[in-house]
Amino acid sequence: MKPPAASSHDVFLSFRGSDVRNTFVDHLYAALRRRRVRPFKDDVDLGRGESVREGISRAIEGSSFYVVVLTRNYASSAWCLDELVKIMRCSSGGGGKNTTFPIFYHLSPDDVSDVGFYYKDDFDRHKRRYTYERVDGWIQALAWVVGVAGWVVTNRQYVCT
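Residues numbered from 1 in each chain as written. Predicted model: local features only at pLDDT ≥ 70, side-chain atom pairs only at ≥ 80, totals over all residues. Heavy atoms only, no water.

- The protein chain is annotated in an unreviewed UniProt entry as ADP-ribosyl cyclase/cyclic ADP-ribose hydrolase of Linum tenue.
- As recorded by UniProt, the Catalytic activity (unreviewed entry) comment attached to the protein chain reads in full: "NAD(+) + H2O = ADP-D-ribose + nicotinamide + H(+)". (UniProt positions renumbered as here; feature names shortened; annotations may be inferred.)

**Quick word on the side chain of Asn-98**
No. 1: Summarising the element assignment, Asn-98 is placed in the loop between α5 (78-90) and β4 (99-105).
No. 2: Among the polar contacts listed, one links the side chain of Asn-98 to the backbone oxygen of Ser-63, at a separation of 2.9 Å.
No. 3: Side chain to side chain, Asn-98 and Tyr-66 meet in a polar contact 2.8 Å long.
No. 4: Ignoring sequence-local partners within four residues, the contact set of Asn-98 consists of Ser-63, Ser-64, Tyr-66, Cys-90, Ser-91 and Ser-92. (Helix = DSSP H or I, 4+ residues; strand = E, 2+ residues; numbered from the N terminus. Polar contact = N/O pair within 3.5 Å; in protein donor to acceptor, adjacent residues only side chain to side chain. Contact = heavy atoms within 4.5 Å.)

**Examining helix α4 (residues 52-62)**
No. 1: Of all the positions in α4, only Gly-55, Ile-56, Ala-59 and Ile-60 are classed as buried. Down the axis of α4, the buried side of the element spans an arc of 135°, and every buried residue falls inside it.
No. 2: Close packing links the buried residues of α4 with β1 (11-14), β2 (39-40), α3 (42-45), β3 (65-70) and α5. (Buried < 20%, exposed > 50% of the residue type's maximum accessible area, 1.4 Å probe, protein only. Arc of directions from axis to C-beta.)

**Some thoughts on the pattern of salt bridges**
No. 1: Applying the stated criterion to the full structure yields 10 salt bridges.
No. 2: A salt bridge links Asp-10 to Arg-38; its shortest N-O distance comes to 2.7 Å. Separated by 28 residues along the polypeptide, Asp-10 in the segment before β1 and Arg-38 in the loop between α2 (24-34) and β2 bring together distant segments of the chain.
No. 3: Across the pair Lys-41 and Asp-43 runs a salt bridge whose closest N-O atoms are separated by 3.2 Å.
No. 4: Using a relative accessible area of 2% as the deciding quantity, one classes Lys-41 as buried.
No. 5: Within the structure, one salt-bridge network assembled from shared partners comprises Arg-21, Asp-26, Lys-41, Asp-42 and Asp-43. (Salt bridge = Lys/Arg side-chain N within 4 Å of Asp/Glu carboxyl O.)

Spelled out as structure tokens, the structure:
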């Protein structure tokens, strides 16, 4: 079976699966679908046998909007950080035409800015494992997304940043 074209999605959801895939993001995905918004979620929309990296890259490029769900373990994943760099490049803030909406899930933007408290250990590990250029790109992407107006979600309440 051929996977759906990436352009068939309106919104790309970027998140750390082990943190929120089966909780917050499942509810967000369902809510968007009820509103007739076509979200891309990797475990639902990638075709079997499709290259995950290429499929996600095409989905990011083919989406008009991005929802980045930043969680305590988001920055532990090089995969998530690579997605964020691509999203930044495709967004209006990075020279692209698309719009990004960050959600700080049980975090505040201050926790993320300047590779804040929650991400410090992750970046210490990344600096030992990956090139300076790649890690610097991740740091720039996090600094960028913190500067985008979004929402802080804590204990079933949310506030705009």
